[in-house]
Amino acid sequence: MLLVYDGAAWGDAGRTLRELQNLNLLGLGTTADANNPLSAKLNAALFTAKSLAEGGTGDLRFTLNKSASGNTVSQLYQDNYSGRAETGLTGDDHFHVKVSADGATWKEAINIDPASAIANFPNGTSGISTGQANGVAGLDAGGKVPLAQLSTLIGDAGAGGTKGLAPAPAAGDAAAGKFLKADGTWAAPAGAVAALLAANNLSDLVDAATARNNLFGAGFSWDATNKALTLGGATVTTSNPIVNGSQTWNAAGVVFKGLSFNATKTAANVLSGLIDVGFGGNTTFRVGEQSANWGTMWLLANGAPSATNWAMQTGGSTLYINALTADSNIVFSDGGGVGKTAIYPSYLVIGSANFYGFSSTTSYSGAIDTALYRDAAGVLALRNGTAAQSLNIYNTYTDASNYEALQLSWSGNFARIRTSYAGTGFSRSLILDSASTMYFDVGGLDKWQIPTGGHFLASIDNSCDIGANGANRPRNVYIAGSLYAAILASAATTVASLPSATTTGAGARAFVTDAAATTFLAAVAGGGANKVPVVSDGTSWLIG
């Protein structure tokens, strides 16, 4: 016995040659590769069933399996390695037969549904010339079923009949309005049915009251002369529209119409309406003809345009709402009928408890964060609870990043009037101008004033200061003329704290508390306890 070692144990070498398991590649007459691990280059191949005598069943089933419905299991037929036909389950569980003339463009010939077993022919079929084919009657050379293979209609004489071809009508049957009877003959309507039908075969109804009522019931009338239809509804206790229709529109490129009516005007009164509806004989809504005097749509109170009506009309792309008289208006009210806002031809009126609001978004449905109110007679308010408000008056405006504006605002609980700019804007000056005396009030009291002469005056004599001792002091005061005061006081300082005499210039005066000497016109020096006045000569500080 010849043994072979497989890496784990010794085994029968003959059995190993008889059983080839878990091969990675197998090539017959050619070399297998990763794309085609089982390859054969042959002129013929035979698979035959194992017979019962050989221990088999005598059957042979060749199985091709795929992982899931969306995968493909098929047989591909090629011409010089270019696909020409394919059969199998390609991309679904339908059985497909496809062909190609060039290996690139494929056309499907047969598609068989696995649930119904119905075969579909996506690219059509040619006529079957003779005989029976899968239960389909043989077709003639033109692809039609021969008449000899169809059953002839046997009329019903009371016990039922056999389906088949309908007998051809005779000449004149169509003009006579005949129909095919159950007994297989053509006959004209008789009795009550004949009274309903005109000679032109169902295209018109005879205007007979009995026939009309049999079809529609009382309340329906047709004026054949004027071709006018009248519907008279019943007294109802529940909602039951006299006309109630429905439709499904299912084509994006089609302009559909639910109701369509088009009038040709030869002559008509100006109050003529394409639509006229109302209550108790009075018109409440009317779509009228286009007119220079009125609009194309009217909201009416008593059947005709009046002082209480409005008219709407279009002009190009503009919608006009026209008051029919000067005092006409549109009123918006609350649920209790109380008018809140009114639109007059020349102005808009808002109730004193209402306001003009702006939404926080481009849609009106956003939160209102800016509102104009009437605080009192002649008082306009810009307010929004505790949120500080601002008013911008623009000199120029390109966008929010390029502008020049005057701002009236609140910031940090301070009221502010200022000019502002951004981007391509410029810094502009602010002018406070009065045609008469300008007053400056604090706490409701007049403190300062500038009359037309331009003088800056205290409104009450000897009551207000400019600056304060040791705090809130202006830096310099320049006076071209005289300075008048009951007392001129200089703030006490030290010699070391004196500014440069050169900087202050000749004539500047001060008072020091630590002079070393008191000699008149001597240069002052610190370090002592002498309190003396000093004056600048433009170079040094001198005592005196």
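Bear in mind the structure is a predicted one, so any value in this text is a computation, not a measurement. (Residues numbered from 1 in each chain as written. Predicted model: local features only at pLDDT ≥ 70, side-chain atom pairs only at ≥ 80, totals over all residues. Heavy atoms only, no water.)

**Considering the overall build of the protein**
Here is the rule we go by: Elements are defined by DSSP. Helices are runs of H or I of four residues or more, strands are runs of E of two residues or more, and each kind is numbered from the N terminus. Think of it in three bands: with a 1.4 Å probe and only protein chains considered, a residue is buried below 20% of the maximum accessible area for its type, exposed above 50%, and partly exposed in between. Methods summary: accessible areas were calculated by the Shrake-Rupley approach with a probe of 1.4 Å, and residue burial reflects only the protein chains presented.
Counting its secondary structure elements, the protein contains 4 helices and 34 strands. Taken across its 544 residues, the protein has 15% of its residues classed as buried. Entry remark: accessible area of the protein is about 41,100 Å², with carbon and sulfur atoms responsible for 55%.

**Here we look at the pattern of salt bridges**
Where we set the bar: Between Lys or Arg on one side and Asp or Glu on the other, a salt bridge is scored when a side-chain nitrogen of the former is within 4 Å of a carboxyl oxygen of the latter.
Tallied over the entire structure, the rule returns 5 salt bridges. Residues lysine 66 and aspartate 93 are paired through a salt bridge, measuring 3.5 Å at the closest nitrogen-oxygen approach. In this pair, lysine 66 sits in the loop between strand S4 (38–40) and strand S5 (72–79) while aspartate 93 sits in the loop between strand S6 (82–90) and strand S7 (95–100), placing the two residues 27 residues apart along the sequence. On the accessibility criterion, aspartate 93 (40% relative accessible area) is partly exposed. A salt bridge links lysine 340 to aspartate 334; the nearest nitrogen and oxygen atoms lie 4.0 Å apart.

**Observations concerning the sheet that holds strand S29 (residues 445–450)**
This is how the line gets drawn: Any two strands between which DSSP finds at least two bridges are classified as paired.
Reading across from one edge, S28-S29-S30 is the order of the 3 strands in this open sheet, with antiparallel pairing throughout. The sheet is open, and its two borders are formed by strand S28 (438–442) and strand S30 (457–458), each paired with just one other strand.

**As for unusual backbone geometry**
Glycine aside, residues mostly have negative phi, and peptide bonds are mostly found in the trans state. Not every positive phi belongs to a glycine, and tyrosine 81 is a case in point at roughly 65°. Structurally, tyrosine 81 is set in the loop between S5 and S6. The class of tyrosine 81 is exposed, set by a relative accessible area of 74%. Residues other than glycine seldom take positive phi values, yet leucine 521 does so here, at roughly 65°. Tracing the backbone shows leucine 521 in the loop between strand S32 (509–515) and strand S33 (530–536). For leucine 521, a relative accessible area of 49% puts it in the partly exposed group.

**Brief notes about the confidence of the model for the protein**
What counts here: The predictor attaches a confidence to each residue, and that confidence, scored 0 to 100, is pLDDT. Contact criterion: two residues are considered in contact whenever any of their non-hydrogen atoms come within 4.5 Å of each other.
Per-residue pLDDT for the protein averages 82, and the proportion of residues at 70 or more is 79%. Confidence, expressed as mean pLDDT per element, reaches its minimum in the protein at helix H3 (residues 209–216) with 56 and its maximum at strand S25 (residues 390–399) with 96. Note that residues 127–137 has pLDDT below 50 and, in this model, 16 contacts with residues that lie over four places away or in other chains. Low pLDDT (under 50) marks residues 198–207, which in the prediction has 16 contacts with non-local residues, meaning those over four places away or in another chain.

**Brief notes about the packing of aromatic side chains**
What counts here: When two rings of Phe, Tyr or Trp (its six-membered ring) have centres within 6.5 Å they constitute a pair, described as stacked for plane angles under 30 degrees, edge-to-face for angles over 60, and tilted for the intermediate range. Over a ring means this: the NZ of a Lys or the CZ of an Arg is within 6 Å of the ring centre and within 35 degrees of the ring normal.
According to the stated counting rule, one finds 8 aromatic pairs in the structure shown. Pairing tyrosine 394 with tyrosine 397 gives two aromatic rings, centres 5.0 Å apart and planes at 75°, and the pair type is edge-to-face. Centre to centre, the rings of tyrosine 394 and tyrosine 403 are 5.7 Å apart; their planes meet at 85°, and the pair counts as edge-to-face. The rings of Tyr394, Tyr397 and Tyr403 are connected pair by pair, giving a single aromatic cluster. The aromatic ring of tyrosine 373 is capped on one face by arginine 383, whose charged end is 3.8 Å from the ring centroid.

**Observations concerning the nonpolar core**
This is how the line gets drawn: Here, the term nonpolar core denotes a set of buried Ala, Val, Leu, Ile, Met, Phe, Trp, Tyr and Cys residues that are joined through side-chain atoms within 4.5 Å.
Counting residues in hydrophobic clusters, the biggest one holds 12 residues: Val495, Leu498, Ala501, Ala508, Ala510, Val512, Ala515, Val524, Val532, Val534, Trp541 and Ile543. Secondary-structure elements contributing two or more residues to this core are S32, S33 and strand S34 (541–543). Considering every element that reaches this core, the biggest residue donor is S32, with 3 residues. When sequence neighbours within four positions are dropped, the list of residues in contact with valine 495 reads Val512, Asp514, Val524, Ala525 and Gly526.

**A closer look at the environment of glycine 233**
With respect to the helices, strands and loops of the structure, glycine 233 is situated in the loop between strand S13 (228–231) and strand S14 (273–279). Glycine 233 sits 13 residues away from phenylalanine 220 along the chain, and the two C-alpha atoms are 8.7 Å apart.

**A word on the side chain of glutamate 108**
Convention followed: His is not counted, nor are the chain ends; Lys and Arg add positive charge and Asp and Glu add negative charge.
Residue placement: glutamate 108 occurs in strand S8 (residues 106–112). Salt bridges are absent for the buried glutamate 108, whose nearest opposite-charge side chain, lysine 98, sits at 5.1 Å. Excluding residues within four positions of it along the chain, glutamate 108 makes contact with His96, Val97, Lys98, Pro122 and Asn123.

**Regarding the environment of threonine 452**
Secondary-structure assignment places threonine 452 in the loop between S29 and S30. Excluding anything up to four places from it in sequence, threonine 452 contacts Ala435, Ser436 and Thr437.

**Observations regarding the sheet that holds S25**
Strand pairing in a sheet relies on backbone hydrogen bonds, with the paired strands running either antiparallel or parallel. Let me state the cut-off plainly: Axis angles are defined between N-to-C directions and span 0 to 180 degrees, where every axis is a line fitted to C-alpha atoms and, for a helix, only to the segment in contact.
An order of S25-S26-S27 is seen for the 3 strands of this open sheet, with the pairing classed as antiparallel. Edge strands, defined here as strands with exactly one partner in the open sheet, are S25 and strand S27 (414–422). For this sheet the average axis-to-axis angle between neighbouring strands, irrespective of direction, equals 10°. In the sheet, S25 pairs with strand S26 (residues 402–411) via 8 bridges, with the strands oriented antiparallel.

**Section: the pairing of S26**
Along a regular strand, successive side chains alternate from one face of the sheet to the other. Hairpin connection between S25 and S26: a loop of 2 residues separates the two successive antiparallel strands. Linking S26 back to S27 in an antiparallel pair, the connection comprises 2 residues, with glycine 412 at a positive phi of about 60°.

**Quick notes on the side chain of glutamate 86**
Stated formally: Side-chain atoms alone can form a polar contact between residues adjacent in sequence; in general such a contact is a pair of N or O atoms within 3.5 Å, and within protein one must be able to donate a hydrogen while the other accepts it.
By secondary structure assignment, the location of glutamate 86 is in strand S6. No salt bridge is formed by the buried glutamate 86. Its closest oppositely charged neighbour is lysine 98, at 5.1 Å. Of the polar contacts made by the side chain of glutamate 86, one reaches the side chain of serine 74; its length is 2.7 Å. In this structure, glutamate 86 is in contact with Thr72, Ser74, Gln75, Leu76, Tyr77, His96, Val97, Lys98 and Trp106, ignoring residues within four places of it in sequence.

**Concerning the environment of threonine 398**
Inspection of the secondary structure assignment puts threonine 398 in strand S25. Considered as a pair, threonine 398 and threonine 424 are 26 residues apart in the sequence and their alpha carbons are 8.8 Å apart.

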